[in-house]
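Working through the structure, step by step
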Amino acid sequence: LVARTLQPILYAYQKLSKFEGQHLYISADIGDPQQVQDAVTQSLERYGRIDVLVNNAGVFPYGPIENLPEKEISDAINTNFRGPVNLYRALIPHFKQQGKGTVIDVISLAAFRAYGGNAVYGGTKYAHRATSLSEEVDNPFLDIYRLYPSVTDTPLVRENLNPAKREIFVKGQSRINPDDIGELV
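Rules used throughout
- Residues numbered from 1 in each chain as written.
- Predicted model: local features only at pLDDT ≥ 70, side-chain atom pairs only at ≥ 80, totals over all residues.
- Heavy atoms only, no water.
- Helix = DSSP H or I, 4+ residues; strand = E, 2+ residues; numbered from the N terminus.
- Contact = heavy atoms within 4.5 Å.
- Areas by Shrake-Rupley, 256 points an atom, 1.4 Å probe, with all protein chains shown as cover.
- Salt bridge = Lys/Arg side-chain N within 4 Å of Asp/Glu carboxyl O.
- Buried < 20%, exposed > 50% of the residue type's maximum accessible area, 1.4 Å probe, protein only.
- Pairing = 2+ DSSP bridges.
- Axes fitted to C-alpha atoms, helices over the stretch in contact; angles between N-to-C directions.
- Phe/Tyr/Trp six-rings, centres within 6.5 Å; stacked < 30°, edge-to-face > 60°.
- Expected span 1.5 Å × (residues − 1).
- Core = buried A, V, L, I, M, F, W, Y, C linked by side-chain atoms within 4.5 Å.
- Left-handed = near helix turned anticlockwise from the far one by under 90°.
- Nonpolar A, V, L, I, M, F, W, Y, C, P; charged D, E, K, R; others polar.

Moving on, we get to the overall build of the protein. A count of helical and extended segments in the protein gives 8 helices and 5 strands. A fraction of 67% describes how many contacts in the protein between residues 6 or more apart in sequence connect residues 24 or more apart. Element-wise, carbon and sulfur atoms account for 52% of the exposed surface of the protein, whose accessible area totals about 10,900 Å².

Now the structure itself:
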């Protein structure tokens, strides 16, 4: 498991500790190609192979585009778009070498339609969607799955939006339980 901050790693640890096997937790920023390569190297050293990439990273800057701080825009581009590209670049050669690999991208319904206040998020998710590996990689070794959930009740939504903004954003939309997405994956 790779995450930029400790909180998601601890959450995953609690969920995964009930399963047998060895789990590896790595703190890395997927927007940084070297950190991604280091995480892949650590995983390969530990397990000898990587079979599946579940790409579920995301940051959610919310607000009118003219008011968003540059750092929030850069973080969204680095995590939501460059991150998947960095992961693909690091893992596709490995998948080719072992003759098999699976990519599961959890993107967002915002990749098809951005709502008021989430133009940057929607734009970065659209860019992620546009990196279609099925068109890019002409090889039978790679299985690619993409999920496009709507509003999911995660810390990303709960903590990044104040209650008034959250109610405007999710108005008329049911929220998906993140465990349901985990079960699907």
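Next comes the rest of the account.
Oppositely charged side chains are able to pair whenever their charged atoms sit close together. Under the definition given, this model contains 4 salt bridges. Across the salt bridge formed by Asp51 and Arg49, the nearest N and O atoms sit 2.7 Å from each other. One salt bridge in this structure joins Asp105 and Arg146, with 3.2 Å as the shortest N-O distance. Note that Asp105 is positioned in strand E4 (residues 101-106) and Arg146 in strand E5 (residues 142-147), a separation of 41 residues in sequence. Take Asp105: its relative accessible area is 0%, and that puts it in the buried class.

Spatially, 3 strands are ordered E3-E4-E5 in an open sheet, and the strand pairing comes out parallel. The outermost strands of the open sheet, each flanked by one partner alone, are strand E3 (52-55) and E5. The mean angle between the axes of side-by-side strands here comes to 10°, regardless of whether they run parallel or antiparallel. The strands touched by helix H3 (residues 70-98) within the sheet are E3, E4 and E5, with E3 carrying the most contacts at an inclination of about 170°.

What follows is about the packing of aromatic side chains. One pass over the full model with this rule turns up 2 aromatic pairs. Geometrically, the ring pair formed by Phe60 and Tyr62 is tilted, given 5.9 Å between the ring centres and 35° between the ring planes. No difference in accessibility class separates Phe60 from Tyr62, as the two residues are buried. Measuring from ring centre to ring centre gives 4.8 Å for Phe60 and Tyr121, while their planes differ by 90°; the resulting arrangement is edge-to-face. In this pair, Phe60 sits in the loop between E3 and H3 while Tyr121 sits in helix H4 (residues 119-130), placing the two residues 61 residues apart along the sequence. Put simply, the rings of Phe60, Tyr62 and Tyr121 touch in pairs and so form one group of aromatic residues.

Okay, H4 next. Compared with an ideal rise of 1.5 Å per residue, which puts 12 residues at 16 Å, H4 spans 16 Å between its outermost C-alpha atoms and is within 8% of the ideal. Along H4, the residues classified as buried are Val120, Tyr121, Gly122, Thr124, Lys125 and His128. Residues of H4 that are buried make contact with E3, H3, E4 and E5.

Note on soluble globular proteins: their nonpolar side chains tend to be buried together. Ranked by internal contacts, the top residues of the largest apolar core, which has 15 residues, are Phe95 and Val103. Counting only elements with at least two residues in this core, the list comes to helix H2 (33-47) and H3. Take this core: its biggest share by element is 6 residues, from H3. Not counting chain neighbours up to four residues away, the residues in contact with Phe95 comprise Ile50, Asp51, Val52, Leu53, Lys100, Gly101, Thr102, Val103, Phe141 and Leu142. Ranked by size, the runner-up nonpolar core spans 5 residues in total, among them Val59, Leu68, Ile73 and Ala76.

The geometry of a pair of packed helices is captured by two quantities: the angle between their axes and the separation between those axes. Where H2 contacts H3, the two axes come as close as 8 Å, and the packing angle between them is 35°. For the pair H2 and H3, the crossing hand works out as right-handed. Between H2, through Pro33, Val36, Gln37, Val40 and Leu44, and H3, the contact on the second element is made entirely by Asn86, Leu87, Ala90, Leu91 and His94. Taken together, the residues of the contact of H2 with H3 break down into 7 nonpolar, 3 polar and no charged.

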